[in-house]
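Commentary on secondary and tertiary structure
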Amino acid sequence: MDAFLQALLQTFDPTVLFCVFIGTALGGVMGALPGLGAVVGITICLPFTFTMEPISAIALLLGVYAGSVYGGSISSILINTPGTPASAATALEGFVMAKKNEAGLAIGWATTASVFGGLFSCMVLLFCAPQLARFALRFGPLEMTALILMGLSCISTVSADNICKGLFAGIVGLSISLIGMDPISGMTRFTFGSFALTAGVDLISVIVGIFAVAEMLSRVDEMSRQAAVNVVQCDGMRIPRLKDWKGRGWGLLKSSIIGSIVGILPGAGSATAAFISYGEARRSSPRRANFGNGEPDGIIAAESSNNAVTGGALVPSLALGLPGDPVTAIMLATLVLHGVVPGVRLMQESPVIVYSSFLTLALATCLLLPLGWALTKAFTWLLRIPEALLICMILILCVLGAYGVRSSNTDLWIMLLAGIVGVIFRYFSVPAAPLVIGLVLGAQFERVVLQSAILVDGNWWVIFEHPIALFLLAASALMWFGPAVLWIYRKLRTQKPALIS
Amino acid sequence: MTYRYLETIFAATMVLLGATLFLHTFAEEYAAMSDNVGALLYPRFLFVMWIATALGILWNALRNAPNIIKEVEWVRIVIATACVAVFLFLFSLVGFVIASSIFFTLMALFLGAKNVLAVVALAVAYSYGINYVFTQLLQISLPALGD
């Protein structure tokens, strides 16, 4: 309780409040501009966090996170172009409402649902994370190995259409983390004679390169093919009346629950949550016949759900040190920069930081209401900023983000290389998220794998004495080999009738 | 070149890269590390997994990848990458403000900005502004001309 009160005091520090406010506003703008979104928003904010206190830094990044997930709904509704993939479902109903001159009301539904979903997930975070962290304190090296393996397997298999591509990206991330000093012998490895690589590859440089630089380079290609956008006229946000909410409360709650659960699962992401909730609302809403004609239930489902992911995604990150998506991976990397070690002991060792994260996320979510009002007014003006200038500004911030950590020129070239790899990965639909998460968890994974190897001393049957590890390993095996088994089963089933005939 | 052809080349290159890294773990420089229990076991295991998953991508490319031409303006991407590379090269040579102003101007003009004077003015103002925020407010030192 002391830690919570201390966190409360620290959160209401003027600097932290300012960071939440700026972060949420910037996130909203980044989310509303098509093609940018949470990861690019957080990446370009990274250099500003280097000299901040950890709580202020996390407040800024969480503000950007909450703001950008919400901001995507504005462009979905007004120009039928989702600012982020998470808002694609919102466009299905929101843009139809906008065409009926109800854009302000559609944004009002999206905003109120986002605030509810976000706050609901903060409650989930507040209650679930401490319980999970307490449970995780029992984890030894074997359990940790199995847990990281399951997290990596989950994100690798979920984030790509082709399971091999997802797993490949995760393995590349783990392999990059090998560069530098060997944890056992202390000798350098895979540096290929480069002294600059002795300290390893800087995580931030790779993150900035593979997400932000790659995104900007891809925009250079896409902007040559883009048509001019038509913005639907909107006079401002209109909050729905209380009586309009009648019969929609259960849908709102259900979508928030779905979003929070999906957020906790590594790799699933807010777009998945939004589409699951939208599908469920379309199936179960009393007004399902109106879906596709601008039904607010669709907007409520998509928006409450994708914002509920924000809190859910922080549960495994803060309780177990297991990032479920690129955003939480960047946040954990930021904590490392500030000397805070993420992992199962984070809650025990730095409770104030953890509780402050809960509170700042709740604060950022509350700020979405005034932000929605301001963004709706400013959106037409925002879209007039030439994309060419935006790309230049973001790339300059990317360079500073990579340089600011160690003031090393090598890190800049690593960033550019990661950017090129990111563009190639995008072209071949290899997801970048598992690579970054593999890189974030790489050193820790290697350490626990080696500790486990020493612990079992060649007798791998010991694993049967660790039910948690066994369960997690079985879950990983299911994710790896499940699709192959299913494929063989289907093949056999289709062959059987042919044999009989 | 069709997407299937390009993905096959990509996957084959990744298989070769994985194999090269795996063989590299047997290099003489790591001979001392082999004395420690498991020191090279983990990297070798990773590279074997690397090769296996890359082979999976290769198999999928040969069987399922669409035989279409995926439109990407590679020339524009290469020029933009070159602009960033020039920026990085100039960054430590002439300092942040000059390098950033040159990069901003070149890149914006390449991306289709029309008003040269406005672009130059914005480039210089933005570079100075960012430099001020980082060096004075955030106390993060950036390279300057004459450092």
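Computed from a prediction, not measured in an experiment: that's the story for all the values here. (Residues numbered from 1 in each chain as written. Chains lettered and ligands numbered in written order. Predicted model: local features only at pLDDT ≥ 70, side-chain atom pairs only at ≥ 80, totals over all residues. Heavy atoms only, no water.)

Attention now moves to the confidence of the model for chain B. Parts of the prediction with low pLDDT should not have their coordinates interpreted in detail. Mean pLDDT over chain B works out to 89, with 95% of the residues at or above the 70 mark. Scored as a whole, the predicted complex attains pTM 0.84, and scored at its interfaces, ipTM 0.93. (pLDDT = per-residue confidence, 0-100.)

So, about unusual backbone geometry. Residues and elements named next belong to chain A. Phi angles above zero are rare outside glycine, and Phe-192 is one such case at about 50°. Locating Phe-192 in the fold gives a position in the loop between strand S2 (188-189) and helix H9 (203-222). Given a relative accessible area of 55%, Phe-192 falls into the exposed group. (Helix = DSSP H or I, 4+ residues; strand = E, 2+ residues; numbered from the N terminus. Buried < 20%, exposed > 50% of the residue type's maximum accessible area, 1.4 Å probe, protein only.)

With that out of the way, let us pick up the environment of Asn306(A). Residues and elements named next belong to chain A. With respect to the helices and strands, Asn-306 occurs in helix H12 (residues 296-320). Among the residues examined, Asn-306 registers a relative accessible area of 0% and is labelled buried. Separated by 221 residues in sequence, Asn-306 and Pro-85 have C-alpha atoms that sit 10.0 Å apart. In contact with Asn-306, other than residues within four places in its own chain, are Val-69, Ala-86, Ser-87, Ser-270 and Ala-274. (Contact = heavy atoms within 4.5 Å.)

This paragraph deals with the nonpolar core. Of all hydrophobic cores here, the largest spans 212 residues; its most connected members are Tyr65(A), Phe168(A), Met331(A), Phe96(B) and Met107(B). Sorting elements by how many residues they give to this core places helix H4 (residues 54-79) of chain A first, with 15 residues. If sequence neighbours within four positions are ignored, Phe96(B) has contacts with Ile396(A), Leu400(A), Phe87(B), Phe91(B), Ser127(B), Ile130(B), Asn131(B), Leu142(B) and Pro143(B). With 7 residues, the next largest nonpolar core counts Tyr278(A), Ala281(A), Ala301(A) and Ala302(A) among its residues. (Core = buried A, V, L, I, M, F, W, Y, C linked by side-chain atoms within 4.5 Å.)

Attention now moves to the interface of chain A and chain B. With 60 residues of chain A in contact, the opposing surface of chain B contributes 61 residues. Note on chain A versus chain B: buried area summed over both sides is about 5600 Å², and carbon and sulfur give 80% of it. One can count 1 salt bridge joining chain A with chain B. The partner of Glu7(B) in a salt bridge is Lys165(A), and the shortest N-O contact between them spans 2.5 Å. The tally of links between chain A and chain B comes to 6 residue pairs in polar contact (both at pLDDT 80 or more). Looking at which element gives the most residues to the side of chain A that touches chain B, the answer is helix H17 (residues 387-404) of chain A, with 12 residues. (Buried area = accessible area lost by both parts, 1.4 Å probe. Salt bridge = Lys/Arg side-chain N within 4 Å of Asp/Glu carboxyl O. Polar contact = N/O pair within 3.5 Å; in protein donor to acceptor, adjacent residues only side chain to side chain.)

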